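# A look at the structure
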Amino acid sequence: MTDKDLLMAAREARQNAYAPYSDFGVGAALLCDDGRVFTGCNVENACYPAGCCAERVALFNAVSAGARNFSAIAVTGWQRDMEGGMCMPCGVCRQVLYEFAADMRVITGTPEDIRTFKLSDLLPYGFGL
Ligand code: THU
């Protein structure tokens, strides 16, 4: 699974985004050490804080299927029909991902311009027990 493959899986997941309030659709694809890929999209709610980001939907989807070890997550998002792709995980998602793999790679951007980061660089001194 290349970074581009994972980003394409995130773009596909974005198609199911439920984002009637922000119109900012996000998709995420999480790669497990064993090769499995779990995806998620953002799911908004009329009570705004009750919505959930695509990254956490993907992670909770994976964890609830028994997965625990992750090497990378691809994230992509853009508003309305202004197709783009660069979408950095929010602070809450960084912390939630950090729980499982501080050294996970974060992939974003567009298929033509892929950007990669290390989660531990995006969340220095993250909290863990
Ligand atoms: N969102 C995500 O799903 N992931 C991110 O990394 C950033 C923001 C969602 C939350 C909300 O549904 C919409 O994008 C606008 O903030």
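Okay, so let's go over this structure. (Residues numbered from 1 in each chain as written. Predicted model: local features only at pLDDT ≥ 70, side-chain atom pairs only at ≥ 80, totals over all residues. Heavy atoms only, no water.)

Looking now at the side chain of asparagine 42. For asparagine 42, the location among the structural elements is in the loop between β2 (37–41) and α2 (54–64). Its relative accessible area of 7% is what places asparagine 42 among the buried residues. Once residues within four sequence positions are removed from consideration, asparagine 42 is found in contact with Ala17, Tyr18, Ala19, Phe24, Gly25, Val26, Cys52, Cys53 and Ala54. (Helix = DSSP H or I, 4+ residues; strand = E, 2+ residues; numbered from the N terminus. Buried < 20%, exposed > 50% of the residue type's maximum accessible area, 1.4 Å probe, protein only. Contact = heavy atoms within 4.5 Å.)

Working note: non-glycine residues mostly have negative phi, and peptide bonds are mostly trans. Positive phi values are uncommon outside glycine, yet arginine 80 reaches one of about 50°. Although it is not a glycine, tyrosine 125 sits at a positive phi angle of roughly 55°.

Let us look at the sheet that holds strand β1 (residues 24–32). Spatially, β2-β1-β3-β4-β5 is the arrangement adopted by the 5 strands of the open sheet, whose pairing is mixed. Each having just a single partner strand, β2 and β5 (113–118) make up the two edges of the open sheet. Between one strand axis and the next, the sheet turns through 20° on average, direction left out of account. Each of β1, β2 and β3 (70–79) is contacted by α2, which is oriented at about 140° to β2, the strand it contacts most. (Pairing = 2+ DSSP bridges. Axes fitted to C-alpha atoms, helices over the stretch in contact; angles between N-to-C directions.)

Moving on, we come to the site of the ligand. For the ligand, the full set of nearby residues is Ser22, Phe24, Val26, Asn42, Glu44, Cys53, Ala54, Glu55, Cys87, Met88, Pro89 and Cys90. Residue asparagine 42 places a side-chain N or O atom 2.9 Å away from an oxygen atom belonging to the ligand. Methionine 88 places a main-chain nitrogen or oxygen 3.2 Å from an oxygen atom of the ligand. Burial of the ligand by the protein chains amounts to 76% of its free accessible area of 370 Å². (Near = heavy atom within 4 Å. Polar contact = N/O pair within 3.5 Å; in protein donor to acceptor, adjacent residues only side chain to side chain. Areas by Shrake-Rupley, 256 points an atom, 1.4 Å probe, with all protein chains shown as cover.)

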